[in-house]
Amino acid sequence: SQQGEEDPQALSIQEGENATMNCSYKTSINNLQWYRQNSGRGLVHLILIRSNEREKHSGRLRVTLDTSKKSSSLLITASRAADTASYFCATGNTGTASKLTFGTGTRLQVTL
Amino acid sequence: ETGVTQSPTHLIKTRGQQVTLRCSSQSGHNTVSWYQQALGQGPQFIFQYYREEENGRGNFPPRFSGLQFPNYSSELNVNALELDDSALYLCASSLEWGTRTGYTFGSGTRLTVV
């Protein structure tokens, strides 16, 4: 079963704009991770945020975590056509932290 | 540093047959997980191996089985294939369960059951 849901399911923006994706989950977590997937290939790890962290940055990526609302957001700034992909959040839940439970993903399309 | 390598990349099998998928983990990684991803869905956890022992299993029937070898490579075996087993099978490796640094995924094996 899916742990969480990403919102929106699909997002289309122009190059240079920012993209924000949201993720909600249901149970208490040890960590939350974001992954990118291009055209049904393997997933690429983007960033991991622990349950005791509120915000994390990596290059053009900014992730926030609100454990009281059981939600996270991924912000991609100054998007590029190469950012076109599906983005998934995955939670490592308390007690089974190494088993990742994925959401349904957000399909991001960045146009020139 | 090599990444995660999966073989084969594509496979077509007939319902009722058996299949073995292979995964070479990233150098230095001792944990391997397998995921099934149906079209348009997020990956679903099948099971995980840590230092050759099964370390957790998802909601998959016993006909899904696996192995991890001393070099930390892994196999996923599926018996009595069903049409619904058609999916992308992803292998992911990490150091110490991936709770600190996340997982490195392979490009997957696309299995089609006809």
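Use the structure listed above.
Residues numbered from 1 in each chain as written. Chains lettered and ligands numbered in written order. Predicted model: local features only at pLDDT ≥ 70, side-chain atom pairs only at ≥ 80, totals over all residues. Heavy atoms only, no water.

J.: Talk me through the sheet that holds strand S8 (residues 74-78) of chain B; I want residue IDs and the actual numbers.
T.: Residue and element names in this part refer to chain B. The four strands are arranged S1-S3-S8-S7 in an open sheet whose pairing can be described as antiparallel. With one partner strand each, in any of the chains shown, strand S1 (5-7) and strand S7 (64-68) form the two edges of the open sheet. Neighbour-to-neighbour, the strand axes of this sheet turn through a mean angle of 15°, independent of strand direction. Relative to S8, S7 is paired through five bridges, and the arrangement is antiparallel. (Pairing = 2+ DSSP bridges. Helix = DSSP H or I, 4+ residues; strand = E, 2+ residues; numbered from the N terminus. Axes fitted to C-alpha atoms, helices over the stretch in contact; angles between N-to-C directions.)

J.: Give me the lowdown on the pairing of strand S9 (residues 85-93) of chain A, citing residues and values where you can.
T.: All names here are of chain A. For S9, the tally of buried residues reaches nine of nine residues, placing the bulk of the element in the interior. Residues Ala85, Tyr87, Cys89, Thr91 and Asn93 line one face of S9 and the alternating positions Ser86, Phe88, Ala90 and Gly92 line the opposite face, and both faces are buried. Pairing of strand S4 (residues 29-37) with S9, which is carried by eight bridges, proceeds in the antiparallel orientation. Bridge assignment links Asn31 to a residue of S9, and that residue is Gly92. In terms of strand pairing, S9 meets strand S11 (residues 106-111) through three bridges, oriented antiparallel. Note on S11: the bridge partner recorded for Ser86 is Arg107. Where S9 and strand S10 (residues 100-102) come together, three bridges link them in antiparallel fashion. (Buried < 20%, exposed > 50% of the residue type's maximum accessible area, 1.4 Å probe, protein only.)

Interpretation note: all reported values are geometric properties and have no functional meaning in isolation.
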